[in-house]
Amino acid sequence: MDRIFNNESAEKYFEENKKLFEQELLNEAVTVRDKIDDILEIGNIDLINNAHHLVSCIMEGREEELLAFAKQEGIAWATHSLTLSFKLEWVQAIRRTIWSFINKYTEAEPCKFDFFSLEKQINNRVDTFLNAFFINYSTYKDSLLKAQRDLVENLSVPIIPITQHISILPLIGTIDYFRAKVMEEKVLMEISRLRIQTLFMDLSGIANMEAEVIDQLMKIIDGASMMGCRTVITGLRPDVVRNIIRLGVRFDEQTETIGSLQQALRTYLL
């Protein structure tokens with residue numbers, strides 16, 4: 001632990017003048033001060049108390065606690081998607097307020113110290129906090145985005161088993177190339193895992209398909225066929241059919257097309 005001042009009078013000065021510190025900090029952080037209550041409500045993050053804790057870590061040189069606090073803050077801000085510019089303004093306001101208070105302290109109690117050493121310690125610790133905060137924010141945010149993307153991928157390929165060997169793949173909304181690639185991987189994996197012999201691919205919820213998506217769809221059907229799974233296409237809409245015809249695409253003999261999912265279910269289940 002490497003304290004900023006070797007005596008306790010400076011830390012006592014900061015402790016005894018907490019309210020004055022808060023007032024000056026709020027004057028420095030013009031934008032953030034109007035958001036303090038919102039941030040507390042959204043993320044249960046008390047900016048004022050956290051500022052006192054950060055100052056204490058900096059003044060007393062508690063490096064490990066400083067890094068742990070930065071990690072905690074980074075994860076909290078990432079979890080609640082709080083604005084990063086607010087955090088940056090707040091910490092920089094804390095930096096300026098610390099220097100203002102050191103100036104007041106040295107005026108009240110003149111003491112000898114190495115200004116350049118003091119400047120290096122304080123600014124390095126503030127920068128260490130900011131760097132650790134942003135690294136942890138970015139890392140945790142990336143993990144959240146990946147988890148959300150994985151969830152979306154799973155929801156975008158909702159294979160529903162209806163018998164031991166028959167499943168339905170109802171597709172709804174827009175299918176772009178990325179979603180089509182995800183479908184290819186997920187469908188083939190589920191055919192293997194569930195040992196699907198017949199897959200109803202219902203396209204009634206798809207209004208249109210681009211050429212590259214149709215091409216990817218054919219690869220899925222071909223892959224399913226290679227795995228011994230028969231694909232039954234249902235609910236083809238006129239615009240999709242026109243695009244398929246225009247591209248000269250033809251389904252293989254193993255692939256069947258039926259007007260609606262209800263008709264396919266009646267045919268295969270009754």
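For the structure, see preceding data.
Residues numbered from 1 in each chain as written. Predicted model: local features only at pLDDT ≥ 70, side-chain atom pairs only at ≥ 80, totals over all residues. Heavy atoms only, no water.

Student: Would you mind showing me how to read the sheet that holds strand 1 (residues 160-161) here?
Tutor: The strands that make up a sheet are held in pairs by hydrogen bonds between backbone atoms, and each pair lies either parallel or antiparallel. Pairing is mixed across the open sheet formed by five strands, whose spatial order is 1-2-3-4-5. Bordering the open sheet on either side are strand 1 and strand 5 (256-258), each of which pairs with just one other strand. In terms of strand pairing, strand 3 (residues 198-205) meets strand 4 (residues 230-234) through five bridges, oriented parallel. Paired with Asp202 across the two strands is Thr234, which belongs to strand 4. Contacts between helix 8 (residues 177-194) and the sheet are confined to strand 1, strand 2 (166-172) and strand 3, with strand 2 contributing the most and set at about 165 degrees to the helix. In the packing of helix 11 (residues 261-269) onto the sheet, the strands contacted are strand 2, strand 3, strand 4 and strand 5, and the crossing angle to strand 3 comes to about 160 degrees. (Pairing = 2+ DSSP bridges. Helix = DSSP H or I, 4+ residues; strand = E, 2+ residues; numbered from the N terminus. Contact = heavy atoms within 4.5 Å. Axes fitted to C-alpha atoms, helices over the stretch in contact; angles between N-to-C directions.)

Student: Is there a simple way to think about the environment of Glu73 in this case?
Tutor: Following the sequence through the fold, Glu73 ends up in helix 5 (residues 63-79). In the structure, Glu73 is positioned 64 residues away from Tyr137 in sequence and 8.0 Å away in space, judged by C-alpha atoms. Discounting chain neighbours no more than four positions away, the residues touching Glu73 are Ile45, Asn50, Lys87, Phe129 and Phe133.

Student: I would appreciate a short explanation of the nonpolar core in the present structure.
Tutor: Generally speaking, a soluble globular protein has its nonpolar side chains buried in company with each other. Counting 41 residues, the largest nonpolar core has Phe14, Leu47, Trp77, Trp90, Ile94 and Ile98 as its most contacted members. If you list the elements that add at least two residues to this core, you get helix 1 (9-16), helix 2 (18-28), helix 3 (36-43), helix 4 (47-60), helix 5, helix 6 (84-108) and helix 7 (115-156). The element that contributes the greatest number of residues to this core is helix 6, accounting for nine residues. Not counting residues up to four positions away in its chain, the partners in contact with Phe14 are Phe21, Val55, Met59, Ile98, Phe101 and Ile102. Residues Leu203, Met209, Val213 and Leu217 belong to the second largest nonpolar core, which totals 27 residues. (Core = buried A, V, L, I, M, F, W, Y, C linked by side-chain atoms within 4.5 Å. Buried < 20%, exposed > 50% of the residue type's maximum accessible area, 1.4 Å probe, protein only.)

Student: Looking at this structure, I do not really get the packing of aromatic side chains. What am I missing?
Tutor: Ring pairs (aromatic) are described by centroid distance and by the angle formed between their planes. Within this structure, the stated rule accounts for nine aromatic pairs. Judged by centre distance (5.2 Å) and plane angle (80 degrees), the ring pair of Phe133 and Phe134 falls under edge-to-face. According to the relative accessible area criterion, Phe133 is buried, its value standing at 0%. An aromatic cluster is built from Phe69, Trp77, Phe129, Phe133, Phe134 and Tyr137, whose rings are joined through pairwise contacts. (Phe/Tyr/Trp six-rings, centres within 6.5 Å; stacked < 30°, edge-to-face > 60°.)

Function cannot be read off these values alone, since they describe shape.
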